[in-house]
Amino acid sequence: MPNKTTHRGGSNKSGAKAGPKKKGKSGRGFRGQIKGDAILKKRPNTSDAVTTHNKLEVGESRPSESAMSEGGETCATFLSGPSSDCTNVALGKIHRYWRNNQHKEVRAVLAAITEVIRVKDGTESLTDYFVALITALETIEELEPKAAIVQLISMTISSDDDDKVPLAVLQSKFGKVSQLLCEMLKAVEGDDMPTAMAKSTISTLSTLICKISPSTWTDASCQETYNMLLKFISHPKPKCRKAAQDGVANIVCPKLTEDTSDYHPATTITAEYCNNKLGDLKEEALNSSEVCHIIQMMGRVMHVFPLAHLQKSCELIMSYITQPDVIIKSVCIQTVSKMFMNAPSTKSLPIDLNSKILNELYHCQPNLVDEQLSRDWLNMMAQGVSNLLKKCAQVPAVARMSPLKHVEKFCNRSYKLLISREVSDNAYVALQSTLKELGEFDAKQEMETNDKAMEDVIKSLAKLFMTGLNNKYQQVWDRIFKFYQIGFESFFNKARFSIFAEGLTSMANLHNTANFSYSSELNATLGAAVKHLGPGTFLEAVPLLLFGTDLDDKKFSRSWVIPLLKQHVCGADLTHFFDYFCPLADSFDKRAAKGSGSKALAATYKTLAWQCWGLLAVYCQHPVNLKIALKEKPKVDSFKNNAELLGQKLSSVPRLKGVVMQSLRNLINYATEKTKWEEREEDRQVLKRYGPNFLPMLFFIYVNGGNNEIKSQTTLAALETIRQYVHVMSTEDVVEHFNIVKSKIFDSNGTMKDQELIPLYDLIIVMVQWLDVKSIQEICEKMESMLGSNNHDVQKKAYRVFEEVCGSDNESCKTYLRTHGLELVDKFKKELQQRSIAPSSKGARIRCMEKMVANLSSSPDTMEDCKELVRDILPECISCLRDAEKSRKAAFALLVTSGRAFEDSLDEFFTMAFQGLNGSPDLASCSIFALSCLLFEYKDKMSPEILDLTITNVCVLLATDTREICKAALGFVMVIFSFNDNVLIKGYYKTILKAMHEWKGETQRHFRDRCRSVLQRLVRKLGFNVVSAAVRSDDLKRQLNYIRKMNERAKKKKAEGGHGDDGDSSDDDDDSRRFKKETMDEILADSDSGSDFDDEKDAKKGKRKVLKAKRKKQAATMMEDDENDPIDLLDSNVSNKIITTKTSKKKAQSEEFKTGKDGRLIIDFGVNDEESDDDEFMKDIGVTKASSSVVTMKRKRKQQDGDGDDDDDEDDDMRSKMSQSTVRSGYRTGGKGIHRNTSSVVSHDGSKFRSKKARGDMKKSKEQDPYAYIPVNVGVLNRRKQKKLTGQFDGLIKAAKKGAAKGKKQKGSVGGKKRRKM
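This one's a predicted model, so the numbers in the text were calculated from it and none came from an experiment. (Residues numbered from 1 in each chain as written. Predicted model: local features only at pLDDT ≥ 70, side-chain atom pairs only at ≥ 80, totals over all residues. Heavy atoms only, no water.)

## Considering helix α39 (residues 842-857)
- Here α39 is 16 residues long and its end C-alpha atoms lie 22 Å apart, about the 22 Å a rise of 1.5 Å per residue gives.
- Among the residues making up α39, those that are buried are G843, A844, R845, I846, R847, C848, M849, E850, M852, V853 and L856.
- Considering only its buried residues, α39 is in contact with α37 (792-807), α38 (811-834), α40 (863-879) and α41 (885-901). (Helix = DSSP H or I, 4+ residues; strand = E, 2+ residues; numbered from the N terminus. Expected span 1.5 Å × (residues − 1). Buried < 20%, exposed > 50% of the residue type's maximum accessible area, 1.4 Å probe, protein only. Contact = heavy atoms within 4.5 Å.)

## So, the packing of helix α14 (residues 288-301) against helix α16 (residues 326-341)
- Where α14 meets α16, the axes come as close as 8 Å, and the angle between the chain directions of the two elements is 10°. Taken together, the axis directions place α14 and α16 in an arrangement best described as roughly parallel. Every residue of α16 that contacts α14 at S288, V291, C292, I295, Q296, M298 and G299 is listed here: I327, I328, V331, C332, T335, K338 and M339.
- A breakdown of the residues in the contact of α14 with α16 according to their chemical character gives nine nonpolar, four polar and one charged. (Axes fitted to C-alpha atoms, helices over the stretch in contact; angles between N-to-C directions. Parallel < 35°, antiparallel > 145°, perpendicular 65-115°, else oblique. Nonpolar A, V, L, I, M, F, W, Y, C, P; charged D, E, K, R; others polar.)

## Some words on the packing of aromatic side chains
- For the structure on display, the rule yields 32 aromatic pairs.
- Aromatic side chains F465 and F492 sit 6.2 Å apart centroid to centroid with 75° between the ring planes, which places their arrangement in the edge-to-face category. Taken together, the positions of F465 in helix α21 (residues 452-467) and F492 in the loop between α22 (477-489) and α23 (497-510) put the pair 27 residues apart, joining distant regions of the chain.
- We classify F465 as buried; its relative accessible area is 1%.
- When the ring of F556 is compared with that of Y605, the centres are 5.7 Å apart and the planes differ by 75°; the resulting orientation is edge-to-face. Within this pair, whereas F556 is found in the loop between α25 (535-541) and α26 (561-568), its partner Y605 is found in helix α28 (residues 599-619), the two being separated by 49 residues in sequence. Taken as a pair, F556 and Y605 share a single burial class, namely buried.
- Aromatic rings pair up to connect Y415, Y428, F465, Y473, F483, Y484, F488, F491, F492, F497 and F500 into one cluster. (Phe/Tyr/Trp six-rings, centres within 6.5 Å; stacked < 30°, edge-to-face > 60°.)

## Points about the side chain of T216
- Assignment of secondary structure puts T216 in the loop between α10 (195-211) and α11 (220-230).
- Overall, T216 belongs to the buried group, its relative accessible area being 19%.
- Setting aside anything within four residues of it in sequence, one finds T216 in contact with F174 and C222.

Right, dumping it as C-alpha cells:
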C-alpha cells in the first residue's frame, strides 16, 4: 500500500515521522547544506503543480494517494495547502495570493522551501527561510521561480515581528543577495524581465539596502548596488519607476530616530546622481519625460540634501523653470513646493538661501492666463514664506528684517490677485495661511522695542487691508473682512491700535450701508475685534456718538454697537463698565425723563439705558480687576463705591433687579471656579466683604416678591442668587442672617400666616448647610415638630431642611449626622407609623432617607443600623413607585442605594421585596416594578436560586387579568430581554408564553402592542420556529404570523437595496447590540414600532394597501394637466409636462398644519399612542428616555420653592388638572352609538348672531347671513319619508314669516320716529 501522507504539524511528506526540531540559532545546523538542486528535486515541475491546481479549481478530482506519496513530487505538497502547512506567522498571508500564475508560483515555492526546512529539522523561522531562499536564488535559472523567490525574500526581510531576521545575518548576506538582485535588474534594462518581476526585485533590493548599517556604505560594492537602484528612478515603466522612487525615498529619508542630525550616507550619492543627470539632460537633447521623473524624485528627497548639493539642485531647477515646456515648468514648481512643505532644516536650507530662492521665484511668476501654473505658483510661494517664518523664530530680531520683507512682498502680490477671476480662490487661501503663520510667529516672540521688522510688516498689512475697503475690491469684501478677523485674533493687538484703527472705523461705517451684502461677515469681524481688543479699545475706534445730551446723533447710527458688545464681550475690564456705561446710562435716563417733547425719543433713550445696563452681566463673565472695580467710587451720584451703586439699583430700580442679580451670580461663578480656586482668593474676599450688604436686599426681594403660589422670575432669581452667595460668605455672616430669619419665623407668636412663612422656610433651606453645628442642631429640633404638621407646605419644607443637611458635604453637617443621625432615623420611623405624611412631602422625605442610607452604609460600624433602617422603610419605598414623578424617581434611587447595603445578602433583600406580591393589585404592581429595577441593577450578583424564584413569581402574576399587574410584569419581561442572555431567555420563554395564554381576550387586546414587542424579541433571540411551537393562543399566533411577514418583507427590501422599515429590525441590529448591554432607556425602544391590529382583517387591509401602491408604481408616466388649461400635444415643450410620479393634492394638504375651529395651529409631533404608552411604562420602571423627539413643556419654569420638588405638591397637581380641564372639553352632545364621534359636531343654534343690545339677529362682517341654515340630509331622497320630512319645515317657515313681519314692523316704527324728529 502506498504510504499515507499527512500535512499537519511537523510530519514530512514521505510518511516518516519528523524528528524533534532542533532549537539551534536560526537553523544553523543545515545552513549551507541546502542546494538549489534539492529544491528543484522537491519541485521538479512547477507548471505541473499549477495545472493540477487549476483542475482542482474547476472541480476535477484530486490526484491519487500513490501519486501524492512520491517523495520527488511536490505536487502533493502544493495541493495540500501550503498556507496552512507553513507555521510561520509572517509568511501566513501567502494564502491571499491565489488567482494569477505568479501567486500560485509563490505558493508552490513556499511549499517546497517549507518541505526542505522540515527535512533538515529547521525551526521554520524567518532566518531559516531567508537562508534557504538565497540558496535557491543562486542555483535556479528559470524566470518564474526566481520572481517567486524574490517576493518571498522581500516578505522575509521586511517583517517587523519578533521573529525577524537579525541585522547581522542581513549584513553578512548583503553582498551575495545584492549581487544576485543586480544581475536580475540588468535583465530589466534590456526588457527581458516582466514588469511585475522587475518591480518585486527593485522593492526587495531597496528593502535590503534600508536594513544595512551606515558603516557598510563605505564599501564600493554597496555604492555600486545603490547606483543600480538609482538608474530606475527615471525608468519608462511606471511600476518600476515608482518602486525605485519609493525605495530611494525610504533609504534617504528614514523614519525619525534618536539621532537625525547627520545626513544619511546615501544622501550625497543621490544628490550627485540627480544633479549630474539634470545637467547632462540639459546639455543634450531635452528629454522632457526623463527630466520630469528626475525632478519629481528630487521633490521627495531634496529637503535632506546637504547645503552645497541643495543649492546646486535649486539652481538647476530654476534653469528648467524658464524653459518653454509647460509640463516641466509645472513639475519644477511642484517640486520646490514639496521641498518647502517638508521643512528642510536650517543646516540644509539657511534663511539666506531661502530668501534668495524666493527672490528668484518672484521672477518666475506665470501669466494669469495659465491658471494651473498660477495656482501652483501661489501654493509654492505660500509654502516658502511659511517655511521662512518658521526659521525666523530661531534667529534674533536683528536678523529678521530681510526675511520678513518677503511676507510683506508676498502679501502684496497675492492681494492684487484677489480680484482676478482665475486665481482669486487660491490667492485667498494662500493669504489666509500666511496670515495665520504670521500670527503664530508673533505669538511666540516677546514684544521687543527694537523689533522694527515685525512692526513694519504689521503697518504694511494694515495699509494693504485698508486699500481693500475701496470700491475696487467690493466683490471680495467678505474675504477682506476675514483677513481683518485673522489680524484681530493674532497680531492686531492693543499695543498696535494706532496702526489699524482707521480700518476698524471704516468697517464700522460700512455697517450702516443700505442693503449691505456682507453684513454677517462684517459682524463676525467686528465681534472678533471686541473680543480680542476689549470694549474700551473698540469704542475708541468706533464711538457710540451718543452722550445723553443735545450733541447726540439724531439718527442713532451707532446704536448697533451696544448689542454687538453684549454678544462678544468676554474677559473685559469691569472698571470700564462703571466708568463709561454707568454715567452714559444715567444720562440716557435723564434724557428719557425730559422727553424733549417726543414720546418716541424718550422711549428710545429709555431703551438705550436699559441696553447699557444689560452689558453688566457680560462684563461680569470672567472679569478683569474685580477687586478694584467694586471698591472704586462711581462717577454718578454720591455713592462710596460701585458695590453700593449696584445695591441701590437692586433695591430701588425694579427693571434692573434681574440684571444685577445675574451679574452677581456671574461674579460668584467666576470667583468659585474650582480649577483656579487659589488664584481667585482675593476676588472671593471682595465678594465676601459686600455679602452682608447684598443679602438683606435679596431676602427682601424674595420674601416680598408677590404671590407665593406662583413665583415670578425675579423672585426665583433672587433665591438662586442667595443660594450661590452664601457659598462665598463666612460662617459667622451666614449664622447672623440665619438668626434674623429664624427669629421672624419662630418669634412671630402666630401673627404671620403659614403662607407668609413659606418664603422664610425657603431661606432656611438655602442657608442650613452653611451653618455651624450648633445652629444646625437648633433648626433641626425646631423642624422635627413640623414633620407632623397639618399644613402640607410647612411639612414639606421641614423635610427639605433635613434633605439639605443629609446631602451636604460640609463638615458641620457631617458632624451633626454622626451625633444625631440615629435620632433622626427614629423620628422618621415615628412619623411613618403615625401616617401623617402628606403626598407633597414624600419626595423630599424619600430623598432624605436615601441620603441617610448612603451615609450609614459608608461605615462598617453603622452597617447594621443601615440594614435595620432599610427593613423599616422598604415597604414605604415600594408603595411610592406609582406616586408623582419626583417621588417615584426618589423611590427608585432609594431602592438601588438600599440594595448596595445588602450586597452581601441579596437573597434577604429580594425576599423582603417579594412580600408585596401577595397584596393588592397596586401593591403587587409596585413590587414588580421594584423587582424589575433590582434585577436590572444586580442581575450579575444574584444567586441562581433567587433569580429563578424572582422570574417564576413574576410570571405567575403575569397570568392574571389585572391590567396594572400585567403591565408591570410585561415590563419585567422587557428587562430580561435587555441582558441579551439567550440561556436565560431559553429557560423561561415557555413560562412567559404560558402566562400570556391565560389572558382573556379583553386583556390580550389591551396589551396587543406589548405582546408584539415580546414576540419580536423572542423571534429575534430564538427563531420563529422555536417560538411558534410554544404558542397556542390564536391571537398570539396571528401576531406571530404578522411578525414573520414583516421580517420577510424587510429582508426582501434589504436585498433589493432598500430599507426594511416595515417590519421588525433585522438580525444585524441585534448583533450590533450583542456586545453592549442595553440601558433602561433602550429596553423599550423597539416596542414603539408597529401598527395596531386586532384580527386578520387588518392584515388583509394592509395587503390591499400594498396592492394599491403597486398599481400606482405601474403607472410610471403620466401627463401633468391643468383643468383650466388643456395640454397642447403639438407644443415643443410638451415633454417637460411628462412626470414619473403622480402628485397627490390630498398628501400635500395632509402635510400642512391643522387648524382648530378658533384658528389655532394644531401641530402634531408624530407621537402615537404606542409611544406614549411606552413612555409611561418607562417612567413606571424608574427611567425616562434619554432622547425624545418631543420635549414635554409641562413645567418649563422652576416653581415656587426653586428646588425642583414641586412636582409632588398637591397644589401643582391641582393646577395641572385645572389646566387639563381647560384644554379638554367635557361631555359633548351629538354622534351616534356608544363610540359616537363628536369631533365634527358643530353648534348651529345661531347664538353668535344674537344681538346684545337689541332683539333679533345682526349681520357680522366676513360671516354668513343670520339665516337658519338647514343641514343636508340624505334621508330626504327616500320617497317613503318625503311627506314626514317635508312636514318638519312647516313650523320653521311659519316662525320665519312671523319673525320677519315682526322685524319689519319694528323697523317701520323706528323709521317713522326718526322722520318725525327730523
